[in-house]
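# Working through the structure, step by step
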Amino acid sequence: MTLSISLSVNGESLNVPLEDTRTTLLDLLREHIGLTGTKKGCDRGQCGACTVLLDGKRINACLTLAASVDGTDVTTIEGLAQGDTLHPVQAAFIEHDGFQCGYCTTGQIMSAVGLLSEGDAGADPERIREGMSGNICRCAAYPGITAAVLDAERRQSESEGTSV
Amino acid sequence: MNRFDYIRPGSVAEAVAAASEPGAAYLAGGTNLLDLMKIGVAAPDKVIDITRLPGLDRIDWLEDASVRIGAMVRNAELARNTAFSAAFPAISEALLSGASPQLRNAATVGGNLMQETRCAYFQDPLSRCNRRAPGSGCDALEGHNRSHAVLGWTPSCIATHPSDFCVPLAALGAIVEIEGPDGSREIDLAALHELPGSESAGGIALKHGEMITALRLPAEATSFAGHSRYLKLRERTSFAFALVSAAAMLSMEQGTITEARIALGAVAARPWHATDAETFLKGKKAEAEVFAEAAGIALKEASPSGDNAFKITLATRVLTRALTLAAKGTPDRVPALPASVFMSSEGATANA
Ligand SMILES: Cc1cc2nc3c(=O)[nH]c(=O)nc-3n(C[C@H](O)[C@H](O)[C@H](O)COP(=O)(O)OP(=O)(O)OC[C@H]3O[C@@H](n4cnc5c(N)ncnc54)[C@H](O)[C@@H]3O)c2cc1C
Ligand code: SF4
Ligand code: FES
Ligand code: FES
């Protein structure tokens, strides 16, 4: 069965023929569109390496059928920076050493962006850790990750002029 | 994964017609179906994507003060709905203790109810499993079964239902609305998951092609909002299925329990509604010994199905603690670690 889907990836509208309905959003991004920043860890929803934003919400691209994202808006790690200016979450990960090998990092960053827009965690480290629990880090860079997300949250609420 | 046709119907009627064909399966969030397809346990020829069906993504408060939740409402959206979590705090807490934030954004209400057991032999097509291949036997009986059932099991199947969401739902008498090839019907959530029998392995009580369209909670279920908790014991702090869990909801007047709603999770092939313990608590003082006795009643019929006698003790303790916490009152906000047994000072960290 051959389908054709249209979607927006990082603001760019794309039409993609889909020869195999088994294609996941993760494989669509990596193999068809050539955006390899989104990583494949477990391919079964258990590690978070494949996290992207689908219509603004973080999801696991490995458990999402490409056919089902027709008409949606996808943001990947490649879509965060504005030219050479890093997204505040990206900058915070670098400043706080939020990684070691880096394999989980793109998923961690996308998940953190999703978490901050959900707005439930505030500046509570425990809520941030719980909110990031869908992203496993084999190098256990967790203290740096938590510090980075806390810092990004602080910058975001300062720039919005709130004290949450 | 096998090859399949992808179909996106425009109405519930079209969806039911497509899904009634042999080999068809509904696709909602896909977090369970796609996973099972990848490991060769599910192999549908046609995948019917129901996520865009109009009208199924709403939460409606009805005139009689009951609430109707569309089957396509995402787990995260329901947990975060302010009116819903104020009325049913234990349901929100259960939802937020399940899976991960990413999975909860995708997983739907209907899919959560319909998810399959996590029994390792069910998930391995090379193992014998009565639930996956009726009549083939059950490799869990002599295998790794420390997380298996302690209530309602038979040698036909000792698997548990893994959902957190379903546990408070079962206690509160939720009703499931269904559309199928033979029309509409509704059933109690308690009847959705069949226990195994002497021959049958149990499982979902829907006929092929039937679709869950909504879930309803009766108006009286809101009367427990002040004293509601869900407690889930896991083998790691977060992002893990329950080893045992308990939903405890009380209605109290001056320290006396007027009504109780109790269910246990991960102990049986269905969320286990503990009606005898509820009856026992009615009219009793909210005290530690009373709660321990109620928990004993809830687990009275329990027996190990393998290397899992410890789960009976754990479930008794988790339920006692959930009742104790419920009696103290629902926290203002879902705790930072939802449903965790590690919350040492209830509410303090939660509100920090
Ligand atoms: C790594 C991981 C960890 C998890 N941890 C937890 C946990 O801790 N607690 C917990 O409760 N759950 C947990 N889950 C399970 C998760 O909650 C379920 O996968 C999810 O709720 C299923 O919903 P879905 O919409 O994605 O369903 P799908 O995967 O789309 O469907 C699941 C099944 O239901 C059928 N179906 C879907 N919708 C309908 C409908 N409306 N009517 C009839 N049939 C339907 C499908 O055909 C399929 O058989 C976890 C899952 C993963 C992958
Ligand atoms: S316990 Fe049930 S699901 Fe697991 S192998 Fe036995 S029959 Fe299959
Ligand atoms: S690759 Fe998707 S969660 Fe691991
Ligand atoms: S940095 Fe190596 S896995 Fe996280």
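Residues numbered from 1 in each chain as written. Chains lettered and ligands numbered in written order. Predicted model: local features only at pLDDT ≥ 70, side-chain atom pairs only at ≥ 80, totals over all residues. Heavy atoms only, no water.

### Overview of the site of ligand 2
Around ligand 2, 14 residues are found, and the nearest of them are Cys-119, Cys-129, Cys-138, Cys-157 and Ile-158 of chain B. Among the residues making up the shell around ligand 2, the classes are represented as nine nonpolar, three polar and two charged. (Near = heavy atom within 4 Å. Nonpolar A, V, L, I, M, F, W, Y, C, P; charged D, E, K, R; others polar.)

### Regarding the interface of chain A and chain B
Each side of the interface is counted separately: chain A has 37 residues, and chain B has 39 residues. The contact between chain A and chain B buries some 3200 Å² in all, and 48% of this surface belongs to carbon and sulfur atoms. For the pair chain A and chain B, the number of links is six salt bridges. Close ionic contact of Asp-43 of chain A with Lys-38 of chain B constitutes a salt bridge, the shortest N to O distance being 3.0 Å. In this assembly, chain A and chain B are joined by 18 residue pairs in polar contact (both at pLDDT 80 or more). The class makeup of the residues in the side of chain A that touches chain B is nine nonpolar, 15 polar and 13 charged. (Contact = heavy atoms within 4.5 Å. Buried area = accessible area lost by both parts, 1.4 Å probe. Salt bridge = Lys/Arg side-chain N within 4 Å of Asp/Glu carboxyl O. Polar contact = N/O pair within 3.5 Å; in protein donor to acceptor, adjacent residues only side chain to side chain.)

### Considering the site of ligand 1
Residues and elements named next belong to chain B. Around ligand 1, the structure places 35 residues, and the nearest of them are Tyr-26, Thr-31, Leu-33, Thr-108 and Asp-164. Interatomic distance of 2.7 Å between a side-chain N/O atom of Thr-31 and an oxygen atom of ligand 1. Thr-108 is positioned with one of its side-chain polar atoms (N or O) 2.7 Å from an oxygen atom of ligand 1. Alone, ligand 1 offers 980 Å² of accessible surface; in the complex the protein occludes 94% of this. Put simply, the parts of the chain that give the shell around ligand 1 at least two residues each are strand S2 (24–27), helix H7 (109–114) and strand S10 (211–217). Broken down by element, the shell around ligand 1 gets its largest block of residues, four residues, from H7. Among the residues forming the shell around ligand 1, the class breakdown is 17 nonpolar, 14 polar and four charged. (Areas by Shrake-Rupley, 256 points an atom, 1.4 Å probe, with all protein chains shown as cover. Helix = DSSP H or I, 4+ residues; strand = E, 2+ residues; numbered from the N terminus.)

### Quick look at the packing of aromatic side chains
All names here are of chain B. Per the stated rule, a full pass over the model turns up two aromatic pairs over all chains. When the ring of Trp-61 is compared with that of Phe-88, the centres are 6.3 Å apart and the planes differ by 5°; the resulting orientation is stacked. Highlighted residues: Trp-61 in strand S4 (residues 59–61) and Phe-88 in the loop between helix H4 (82–87) and helix H5 (89–96), separated in sequence by 27 residues. For Trp-61, a relative accessible area of 37% translates into the label partly exposed. With a relative accessible area of 2%, Phe-88 lands in the buried category. Ring pairing ties together the aromatic residues Trp-61, Phe-84 and Phe-88, which thus form one cluster. In this structure, Lys-284 packs its charged tip against the face of Phe-280, placed 4.2 Å from the ring centre. (Phe/Tyr/Trp six-rings, centres within 6.5 Å; stacked < 30°, edge-to-face > 60°. Buried < 20%, exposed > 50% of the residue type's maximum accessible area, 1.4 Å probe, protein only. Lys NZ or Arg CZ within 6 Å of the ring centre and 35° of its normal.)

### A look at the nonpolar core
By size, the foremost hydrophobic cluster in this structure holds 53 residues, and its most contacted members are Ile-69, Leu-113 and Leu-217 of chain B. Broken down by element, this core gets its largest block of residues, five residues, from helix H8 (residues 166–171) of chain B. Here this core spans two domains, since at least three of its residues come from each of domain 1 (5–49) and domain 2 (225–341) of chain B. For Leu-217 of chain B, the contacting residues outside a window of four places in its chain are Ser-66, Val-67, Ile-69, Phe-84, Phe-88, Ile-91, Leu-169, Leu-172 and Ala-174 of chain B. In this structure, Val-9, Cys-50, Leu-65 and Ala-67 of chain A belong to the second largest nonpolar core, which totals 48 residues. (Core = buried A, V, L, I, M, F, W, Y, C linked by side-chain atoms within 4.5 Å. Domains from an automatic or database assignment.)

### Some words on the pairing of strand S6 (residues 175–180) of chain B
All names here are of chain B. Of all six residues in S6, five are buried; the element is thus mostly enclosed. In sequence, S6 turns back onto strand S7 (residues 183–188) through a hairpin of two residues. In terms of strand pairing, S6 meets S10 through five bridges, oriented antiparallel. Looking at S10, one finds that Glu-179 is bridged to Met-211. (Pairing = 2+ DSSP bridges.)

### Details of the sheet that holds strand S5 (residues 73–75) of chain A
Residue and element names in this part refer to chain A. Here five strands make up an open sheet; going across it, the order is S2-S1-S5-S3-S4 and the pairing mixed. Each of the sheet's edge strands pairs with one partner strand only, and the pair in question is strand S2 (12–18) and strand S4 (57–60). Across the sheet, the axes of successive neighbouring strands diverge by a mean angle of 40°, strand direction being ignored. Pairing geometry for strand S1 (residues 3–9) and S2, over seven bridges, is antiparallel. Bridged to Leu-7 within S2 is Leu-14. Strand contacts of helix H1 (residues 25–32): S1, S2, strand S3 (51–54), S4 and S5, with the helix running at about 100° to S2, the strand carrying the most contacts. This element, helix H3 (residues 105–118), spans S3, S4 and S5 of the sheet and lies at about 40° to S3. (Axes fitted to C-alpha atoms, helices over the stretch in contact; angles between N-to-C directions.)

### So, the side chain of Thr-51 of chain A
Within the fold, Thr-51 of chain A resides in strand S3. At 2.6 Å, the side chain of Thr-51 of chain A forms a polar contact with the backbone oxygen of Gly-48 of chain A. Apart from residues no more than four positions distant in its own chain, Thr-51 of chain A is found in contact with Thr-38, Arg-58, Ile-59, Asn-60, Gly-107, Met-110, Ser-111 and Asn-135 of chain A together with Gln-102 of chain B.

### Things to note about the domain arrangement of chain A
It is common to give the size of an interface as the accessible area that goes away when the parts come together. Residue and element names in this part refer to chain A. On domain assignment, one finds that chain A holds domain 1 (3–79) and domain 2 (88–163). With 17 residues of domain 1 in contact, the opposing surface of domain 2 contributes 16 residues. At the surface where domain 1 touches domain 2, the tally comes to one salt bridge. In this structure, the salt-bridge partner of Arg-58 is Glu-118, at a minimum N-O distance of 2.8 Å.

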